[in-house]
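# Residue-level structural notes
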Amino acid sequence: MTFRLYNTLTRQVEAFEPLQSGKVSLYTCGPTVYNYAHLGNFRTFLFEDLLRRWLEASGYEVFHVMNLTDVDDKTINGATAAGLPLRQYVQPYIDAFHEDRGYLRIRDASVYPRATDFIPAMIRLVEALLARGVAYRGEDGSVYFAIRKFPAYGRLSRVDTRELKAGASERVTSDEYTKEDVRDFAIWKAARPEDEKVGAAWDTPFGRGRPGWHLECSAMALELIGKHLGAEVLDIHAGGVDLIFPHHEDEIAQSCAVTGQDLFARYWAHGEFLNIRGEKMSKRFGNITTPRDLKEDGVDAGAIRLLMFQTHYRQQLDLTDDGLAAAQEASRRLGEFQNRLLETRSELDPPRLAQAAERLARDVAEGLNDDLNAPRAVAAMFTFMNEGNAALDAGERPGSAALRAWSNAEEVLGVTSKITSMRITGTGTTAPGGLQTRGEGTAELLDTSPADQSEELQKAWALQWAVRRKQAKGLRNYPEADRIRDLLRVAGWEVRDARDGSVEVVRIRRAS
Ligand SMILES: [Zn+2]
């Protein structure tokens, strides 16, 4: 089976073939660290994480570069407003970004270059563009890319450059502009007093200033793939659809003009927007949600990944409270099923589980090979869960094939919730965590968790009480709910209610 990916450059789904056999270079535009990255940004990063994980699961060695934009119009404005040097202003947002992607189980890139650490590479790129005559110095001291000198300009975004006025003296200096505004763009911006004030200006042979945003990605990508792979063309370049123009179009112009290559990246992959109640998530609409908001609400990362992956990356996704609650419940069920699989594991698979495992592996592979059809891969996990639960209910035990198929799917998708409420109906045996069961369907929990048990079993014990407490609250039996809260506190646990109705226990201290 070959992996097929939609290529924005050709507007077609194409068979993927890397330049060097077995190796893939992947460049993904990272966050601009002037603020906390929001869920819309993270929808893109999660799509890229899925792409990365699927390439690795398919046997490729992936060299993944994700840059951090720490010098551009936005970070300079932020630093100016805060009255801080640029590097100091952005640092908390860089730390927060790494924290957030850790929470969302996003795999580490091979390297996270910071733009301000690559100024010499950027200077060399500007010099090369000046030497080739595709860039020129304006009377304002900035350096501009002359798009007329690069006939392939517009190939990715299909912007029509014929409309441009001949001998255009008009130029654009801001990092972001629209297709109606296509003009020569600044690759190096002359230093202004506000740049100097926050430490965002460097001396160069072509004048003191700072890089334009588009130039940064070209310079870092070329520098890093040259150094690590001896290449000057990327296999895959990915980002959000909003980056196609002008950012990626300008990256191509700058890079190809200097390498002389026909392509900067062989495949261009773009993820669609995340909307909130039909509006693109943005500061302008005041509808920003960040992963840390959801984390504080007790939402498990598996639920967020599930929510994102239930819609194909090339379709817009509307985030609603109902959608999030449904994803939390579904992710919790996947997590519970996973626990069940692990608890009942044995050696050999009974025939129906062996068949279900084969189907799961095949459907996940077929789905993801088909332009990362994650909704199909996720659906295969639910089908397997239903078949698996039925088999387990009938007393069958999963063997290595079932466990392997499941963990392979979960390894790529990462959609199961770690927050699971324990099943408290017993089967007549002594269950972990001090839960003693008496006959079918009834259970009695011990008031104290045996201290010699593993942390995992003690947590299972605490979770069972937390579920009981929730039931008591549901029945308005508040004295009982309070009693349970207190007994959990004594054992060193705090109980928290999640919005989706599930419960979570958090270790506050070790039991004495
Ligand atoms: Zn970029």
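The rules behind the values
- Residues numbered from 1 in each chain as written.
- Predicted model: local features only at pLDDT ≥ 70, side-chain atom pairs only at ≥ 80, totals over all residues.
- Heavy atoms only, no water.
- Helix = DSSP H or I, 4+ residues; strand = E, 2+ residues; numbered from the N terminus.
- Buried < 20%, exposed > 50% of the residue type's maximum accessible area, 1.4 Å probe, protein only.
- Contact = heavy atoms within 4.5 Å.
- Areas by Shrake-Rupley, 256 points an atom, 1.4 Å probe, with all protein chains shown as cover.
- Donors = N, O, S within 2.8 Å, 3.2 Å for Na, K, Ca; no water.
- Tetrahedral: all angles 85-135°; square planar, octahedral: opposite > 155°, others 65-115°.
- Core = buried A, V, L, I, M, F, W, Y, C linked by side-chain atoms within 4.5 Å.
- Salt bridge = Lys/Arg side-chain N within 4 Å of Asp/Glu carboxyl O.
- Phe/Tyr/Trp six-rings, centres within 6.5 Å; stacked < 30°, edge-to-face > 60°.
- Axes fitted to C-alpha atoms, helices over the stretch in contact; angles between N-to-C directions.
- Left-handed = near helix turned anticlockwise from the far one by under 90°.
- Nonpolar A, V, L, I, M, F, W, Y, C, P; charged D, E, K, R; others polar.
- Pairing = 2+ DSSP bridges.
- Parallel < 35°, antiparallel > 145°, perpendicular 65-115°, else oblique.
- Right-handed = clockwise from strand over helix to strand, strands pointing away.
- pLDDT = per-residue confidence, 0-100.
- Polar contact = N/O pair within 3.5 Å; in protein donor to acceptor, adjacent residues only side chain to side chain.

### What about the overall build of the protein chain?
- Along its length, the protein chain carries 15 helices and 18 strands.
- Sorting the 512 residues of the protein chain into buried and exposed places 54% on the buried side.
- For the protein chain, the share of sequence-separated contacts (at least 6 apart) that also reach a separation of at least 24 residues comes to 73%.
- For the protein chain, the accessible area works out to roughly 22600 Å², and carbon and sulfur atoms hold 48% of it.

### Let's talk about the coordination of the zinc ion
- Ligation of the zinc ion by protein atoms is provided by Cys29 (SG), Cys217 (SG), His247 (NE2) and Glu251 (OE), these donors lying 2.0 to 2.5 Å from the ion.
- Its 4 donor atoms give the zinc ion angles of 74 to 132 degrees at the centre, a pattern that matches the irregular case.
- Between consecutive donor residues of the zinc ion, the sequence gaps follow C-x187-C-x29-H-x3-E. With Cys29 in the loop between strand E3 (23-28) and helix H1 (39-57) and Glu251 in helix H7 (residues 244-259), this pair connects stretches of sequence that are 222 residues apart. Just as Cys29 is buried, Glu251 falls in that class too.

### Side note on the nonpolar core
- In terms of nonpolar packing, the biggest core is built from 137 residues, with Leu129, Phe145, Tyr153 and Ile236 touching the most fellow members.
- Among the elements that line this core, the one with the most residues is helix H6 (residues 213-229), at 10 residues.
- Once residues lying within four places of it in the same chain are set aside, the contact partners of Leu129 are Val134, Ala135, Phe145, Ile187, Leu215, Gln254, Ala257 and Val258.
- One finds Ala462, Leu488, Trp493 and Val495 within the second-largest nonpolar core, a separate group that totals 14 residues.

### Quick notes on the pattern of salt bridges
- Enumeration according to the criterion identifies 37 salt bridges in this entry.
- For Glu223, the salt bridge is made with Arg124, and the minimal N-O distance between the two is 3.2 Å. Note that Glu223 is positioned in helix H6 and Arg124 in helix H4 (residues 119-131), a separation of 99 residues in sequence.
- For Glu223, a relative accessible area of 30% corresponds to the partly exposed category.

### Considering the packing of aromatic side chains
- Across all of its chains, the model carries 20 aromatic pairs by this definition.
- For the ring pair Phe47 and Tyr313, a centre distance of 4.4 Å and an interplane angle of 5 degrees mean the geometry is stacked. Of this pair, Phe47 sits in helix H1 while Tyr313 sits in the loop between helix H9 (301-309) and strand E14 (317-319); the two residues are 266 residues apart in sequence, bridging distant segments of the chain.
- For Phe47, a relative accessible area of 4% puts it in the buried group.
- Looking at Tyr313, the relative accessible area reads 7%, which means it is buried.
- An angle of 55 degrees between the planes, with centres 6.2 Å apart, marks the rings of Phe264 and Trp268 as tilted. We note that Phe264, like Trp268, is buried.

### Some thoughts on the packing of helix H10 (residues 321-343) against helix H13 (residues 400-413)
- Between H10 and H13, whose axes approach to 11 Å, the crossing angle comes to 145 degrees. Our pair here, H10 against H13, has a crossing hand that is left-handed. Between H10 and H13, the contacting residues are Leu334, Phe337, Gln338, Leu341 and Leu342 on the first element and Leu403, Trp406 and Glu410 on the second.
- Among the residues forming the contact of H10 with H13, the class breakdown is 6 nonpolar, 1 polar and 1 charged.

### Some words on the sheet that holds strand E12 (residues 274-276)
- Spatially, the 3 strands line up as an open sheet ordered E13-E12-E14, and their pairing is mixed. Each edge of the open sheet is held by one strand with a lone partner, namely strand E13 (279-280) and E14.

### Focus on the side chain of Asn373
- By the secondary structure assignment, Asn373 is in the loop between helix H11 (351-369) and helix H12 (374-393).
- Aside from chain neighbours lying at most four places away, what touches Asn373 is His312, Gly367 and Leu368.

### With respect to the packing of H4 against H7
- Look at H4 against H7: their axes get within 9 Å of each other, and the N-to-C directions meet at 70 degrees. Taken together, the axes of H4 and H7 are roughly perpendicular relative to one another. H7 is crossed by H4, and the crossing has left-handed handedness. Two secondary-structure elements touch here, H4 through Leu125, Ala128 and Leu129 and H7 through Gln254, Ala257 and Val258.
- Class assignment of the residues belonging to the contact of H4 with H7 gives a composition of 5 nonpolar, 1 polar and no charged.

### Comments concerning the pairing of strand E4 (residues 61-66)
- The element E4 is largely enclosed, with a buried count of 5 among its 6 residues.
- Across 6 bridges, E3 lies against E4 in parallel orientation. What sits directly across from Leu26, in E4, is His64.
- In terms of handedness, the path from E3 via H1 over to E4 forms a crossover that is right-handed.

### Some thoughts on the sheet that holds E4
- The strand order E4-E3-E10-E11 describes an open sheet built from 4 strands, whose pairing is parallel. Edge positions in the open sheet fall to E4 and strand E11 (265-271), since each of these has one partner strand only. Between one strand axis and the next, the sheet turns through 20 degrees on average, direction left out of account.
- Across 3 bridges, the pairing between E3 and strand E10 (residues 234-240) is parallel. When the bridges of E10 are listed, Leu26 appears paired with Ile236.
- Strands in contact with H6 are E3, E4 and E10; relative to E3, the strand with the most contacts, it is inclined by about 160 degrees.

### Observations regarding the confidence of the model for the protein chain
- Averaged over all residues, the pLDDT of the protein chain equals 89, while 89% of them reach at least 70.
- Counted against residues more than four places away or in other chains, residues 422-443, with its pLDDT under 50, gives 44 contacts.

### Examining H9
- Buried residues dominate H9, accounting for 9 of its 9 residues.
- Within H9, burial applies to Ala301, Gly302, Ala303, Ile304, Arg305, Leu306, Leu307, Met308 and Phe309.
- With a side-chain oxygen positioned 2.7 Å from the backbone nitrogen of Gly302, the residue opening H9 is Asp300.

### Some points on the side chain of Gln254
- Tracing the backbone shows Gln254 in helix H7.
- Looking at Gln254, the relative accessible area reads 0%, which means it is buried.
- A polar atom in the side chain of Gln254 sits 3.4 Å from the backbone nitrogen of Leu215.
- In this structure Gln254 touches Leu125, Leu129, Phe145, Phe185, Ile187, His214, Leu215 and Ser218, once residues within four positions along its chain are discounted.

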